[in-house]
Amino acid sequence: MRRIMTLGLLLLALTIQAQTARKFTVNITSDGKANMVGYLPEKPTGRAIVDCPGGGYSHLAVNHEGHDWAAYFNKQGIAFFVLTYRMPNGDRSVPMGDAQQAIRTVRDSAEVWSINPEDVGIMGFSAGGHLASTVSAHSEYDCRPNFSILFYPVVSMNERETHKGSCVNFLGKEGQKDEKLVKLFSNQNAVVRHLTPPAIILTANDDGVVPPVTNGVAYYSAMRRQGNDCSLYIYPSGGHGFGFRSSWPFHNQMLNDLTTWLNSHKAPKRDAVRVACIGNSITDGHGIDMCDVKAWPGQLQKLLGSDYVVKNYGRGARTLLNKGDNPYMKEQAWRDALAFKADVAVIKLGTNDSKPGNWQYGEEFEADLHQMIDQLNPLHLVFDKKGRAMRKMKRSEKPRIILCTPIPAYKPSWGISDSVIVNHIIPIINRVAKEENLEVIDLHTIFNNADGKAMQSDGIHPTEAGDAQIARAVMEKVKK
């Protein structure tokens with residue numbers, strides 16, 4: 001019997017070696033207290049996953065929620081990194097900083113480790129699932145993962161509906177008394193439309209430690225309400241902490257589910273043309289279910305195909321005017337749009353600027369539009385053949401900036417004025433486009449609601465059919 005077990009362990013070790021080309025440790029902090037063990041596959045696909053084991057923010061279950069997963073991922077060509085993050089002891093910034101730095105490290109080393117920096121995911125178990133969802137929902141673009149895998153995750157920080165120890169350890173005893181802080185880091189409340197990355201949640205129906213309904217299901221519901229990509233798998237039994245344990249009855253089914261999900265979420269081509277769609281609620285997809293796919297940027301992605309990657313950076317109620325009631329250039333979506341480093345930037349703003357309370361600052365609209373263009377594509381000096389700086393300034397070829405006029409406002413909902421759009425905003429857009437030598441899509445003229453099916457009842461927001469008109473017009477311009 002002992003010989004059989006020894007032979008089995010030897011075969012397992014040989015299998016792991018055959019799939020793993022290299023194993024190494026990288027320090028996240030200078031003292032090595034935070035580090036990650038990397039497993040690089042023999043045949044890399046470019047995908048990578050940073051793993052956050054659970055343990056209630058008091059310790060780490062690094063085997064069945066960590067190292068035991070290496071062979072599974074390496075076999076699929078996925079680089080796998082097991083993160084040893086420091087415990088918060090009430091200071092949430094400690095584990096958050098470790099996980100964010102781990103994502104940055106993987107991306108910074110992408111070329112050396114044969115990784116696509118646009119295909120770096122995060123995986124977390126229990127409290128590690130809370131950490132993974134925190135990094136997914138609260139981080140800036142450079143350290144936000146491209147996808148999340150959440151196993152029986154702690155999501156809520158309300159100790160009455162989740163694992164109390166995780167709450168106290170992450171926020172501290174004083175933090176538990178701060179209702180705003182508890183709400184903020186109950187990550188179902190932190191999901192951002194279009195920006196929070198796709199997620200898969202895997203949990204057991206009989207989990208008595210981290211109740212699924214107020215945690216994993218709550219996160220799924222928030223993602224679904226926002227129109228974000230999220231999948232939820234609830235297995236009949238298994239309690240809490242099944243991880244990679246093969247003794248769990250649904251182990252193989254879970255692996256098949258996860259593999260299928262991973263295979264259905266391919267990264268964009270590395271040489272894909274990057275298109276950033278910048279705008280207000282019309283770009284965001286207000287009133288359209290599953291707007292990430294059905295709003296005009298999502299439809300544009302379908303029209304353009306796999307040689308392009310389109311990102312929706314629309315935010316509802318936003319203005320181009322910096323003195324407007326909700327300035328776009330103060331939003332996370334704007335920071336993301338800049339960090340995305342688009343090849344093509346499509347700007348569709350101006351509708352909300354026509355409101356009386358906003359248009360009182362209309363004299364600044366032109367300057368603010370120039371500012372947006374400057375931030376997307378700054379002017380730089382031109383040098384002569386001898387390397388001497390000339391007085392002439394010019395912009396780079398990328399991003400190619402396309403300005404869109406607002407679509408018609410068929411009703412004065414929220415004080416939006418089609419008269420201001422036609423007589424003031426559109427002439428400014430055309431003038432700036434001429435000065436900057438930019439392309440313009442005249443959506444105000446192109447958009448057609450003759451059959452009444454292109455607009456929602458508010459007269460401001462297009463239906464899915466109306467968005468199809470916008471998507472086609474943008475596609476035709478982008479492909480020119």
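Residues numbered from 1 in each chain as written. Predicted model: local features only at pLDDT ≥ 70, side-chain atom pairs only at ≥ 80, totals over all residues. Heavy atoms only, no water.

Asks: Looking at this structure, I do not really get the overall build of the protein chain. What am I missing?
Replies: Assigned secondary structure in the protein chain consists of 17 helices and 15 strands. Since a compact globule built from 480 residues should have a radius of gyration of about 23 Å, the 25 Å found for the protein chain is in line with a globular shape. Taking the principal axes of the C-alpha coordinates as reference, the protein chain spans close to 85 × 60 × 45 Å. Looking at the 480 residues of the protein chain, the share that counts as buried comes to 57%. Nonlocal contacts in the protein chain, meaning residues at least 24 apart in sequence, comprise 74% of its contacts between residues at least 6 apart. When the accessible surface of the protein chain is totalled, it reaches about 21,500 Å², and 51% of it is carbon and sulfur. Counting 55 positive and 49 negative side-chain charges, the protein chain places the averaged centre of each group 4 Å from the other. (Helix = DSSP H or I, 4+ residues; strand = E, 2+ residues; numbered from the N terminus. Rg over C-alpha atoms; globule rule 2.2 N^0.38 Å. Buried < 20%, exposed > 50% of the residue type's maximum accessible area, 1.4 Å probe, protein only. Contact = heavy atoms within 4.5 Å. Areas by Shrake-Rupley, 256 points an atom, 1.4 Å probe, with all protein chains shown as cover. Lys, Arg positive; Asp, Glu negative; His and termini not counted. Charge placed at Lys NZ, Arg CZ, Asp CG, Glu CD.)

Asks: When you look at the environment of I460 in this model, what are you seeing that I'm missing?
Replies: Structurally, I460 can be placed in the loop between α16 (443–446) and α17 (464–478). Since its relative accessible area comes to 3%, I460 is described here as buried. Remark: the alpha-carbon pair of I460 and S413, spanning 47 residues in sequence, is separated by 7.1 Å. Excluding anything up to four places from it in sequence, I460 contacts I282, T351, I407, A409, K411, S413, W414, I416 and M455.

Asks: Please explain the pairing of strand β10 (residues 308–314) as it appears in this structure.
Replies: Along any regular strand, the residues point their side chains to alternate faces of the sheet. Within β10, six of the seven residues are buried, leaving the element largely enclosed by the surrounding structure. Two elements, strand β9 (residues 273–279) and β10, share seven bridges in a ladder whose sense is parallel. When the sheet's bridge partners are listed, V273 is paired in β10 with Y308. (Pairing = 2+ DSSP bridges.)

Asks: What's the story with the packing of aromatic side chains in this structure? I'm lost.
Replies: Aromatic ring pairs are reported here in terms of the distance separating the ring centres and the angle at which the planes meet. This structure, assessed with the given rule, holds 27 aromatic pairs. Ring centres of F151 and Y152 lie 6.3 Å apart, and the angle between their planes is 70°; on these two criteria the pair is classed as edge-to-face. We classify F151 as buried; its relative accessible area is 0%. Exposure remark for Y152: the relative accessible area of 1% places this residue in the buried category. (Phe/Tyr/Trp six-rings, centres within 6.5 Å; stacked < 30°, edge-to-face > 60°.)

Asks: Just checking my understanding: could you explain the environment of D31 for this structure?
Replies: Residue position: D31 is located in the loop between β1 (20–27) and β2 (35–41). The spacing of D31 and L376 is 345 residues in sequence and 39 Å in space, taken between C-alpha atoms. At 2.7 Å, the side chain of D31 and the side chain of T29 are in polar contact. At a separation of 3.0 Å, a polar atom in the side chain of D31 contacts the main-chain amide nitrogen of K33. (Polar contact = N/O pair within 3.5 Å; in protein donor to acceptor, adjacent residues only side chain to side chain.)

Asks: What should I look at first to understand the sheet that holds strand β4 (residues 79–84) in this one?
Replies: Strand pairs in the sheet, formed through backbone hydrogen bonds, run parallel or antiparallel to each other. Sheet architecture is open: eight strands sit in the order β1-β2-β4-β3-β5-β6-β7-β8, paired in mixed fashion. Both outer strands of the open sheet, β1 and β8 (230–235), are each paired with one neighbouring strand and no more. Neighbouring strand axes in the sheet, compared pairwise and without regard to direction, differ in orientation by 15° on average. Of the strand pairs in this sheet, β1 and β2 are connected by seven bridges, and their pairing is antiparallel. (Axes fitted to C-alpha atoms, helices over the stretch in contact; angles between N-to-C directions.)

Asks: Can you walk me through the packing of helix α14 (residues 365–376) against helix α15 (residues 418–436) in this structure?
Replies: A pair of packed helices is captured by two measures, namely the crossing angle of their axes and the spacing between those axes. Running from N to C, α14 and α15 point in directions that differ by 45°, and their axes come no closer than 10 Å. It follows that α14 is oblique to α15 by the angle criterion. At the point where α14 passes α15, the crossing takes the right-handed sense. On the side of α14, the interface is formed by F365, E366, L369, H370 and I373, while α15 contributes I425, I428, I429, R431, V432, E435 and E436. A per-class count over the contact of α14 with α15 returns seven nonpolar, one polar and four charged. (Parallel < 35°, antiparallel > 145°, perpendicular 65-115°, else oblique. Left-handed = near helix turned anticlockwise from the far one by under 90°. Nonpolar A, V, L, I, M, F, W, Y, C, P; charged D, E, K, R; others polar.)

Asks: What exactly am I supposed to notice about the nonpolar core here?
Replies: The nonpolar side chains of soluble globular proteins are, as a tendency, buried together. M36, F81, L83, V106, W113 and I115 are the most contacted members of the largest nonpolar core, which totals 48 residues. Looking at this core element by element, the count peaks at five residues for helix α3 (residues 93–108). Residues contacting W113, with those up to four places away along its chain left out, are R22, F24, V26, M36, L40, F81, T105 and V106. (Core = buried A, V, L, I, M, F, W, Y, C linked by side-chain atoms within 4.5 Å.)

Asks: Just checking my understanding: could you explain the pattern of salt bridges for this structure?
Replies: A pair can form between side chains of opposite charge whenever their charged atoms are brought close. Evaluated as defined, the whole model comprises 17 salt bridges. Put simply, R224 and D289 hold a salt bridge, and the shortest N to O gap is 2.9 Å. Placement of R224 in helix α7 (residues 216–225) and of D289 in the loop between α9 (281–284) and α10 (291–294) is noted, with a sequence separation of 65 residues between them. Several salt bridges converge on common partners, so that one network encompasses R315, R318 and E331. (Salt bridge = Lys/Arg side-chain N within 4 Å of Asp/Glu carboxyl O.)

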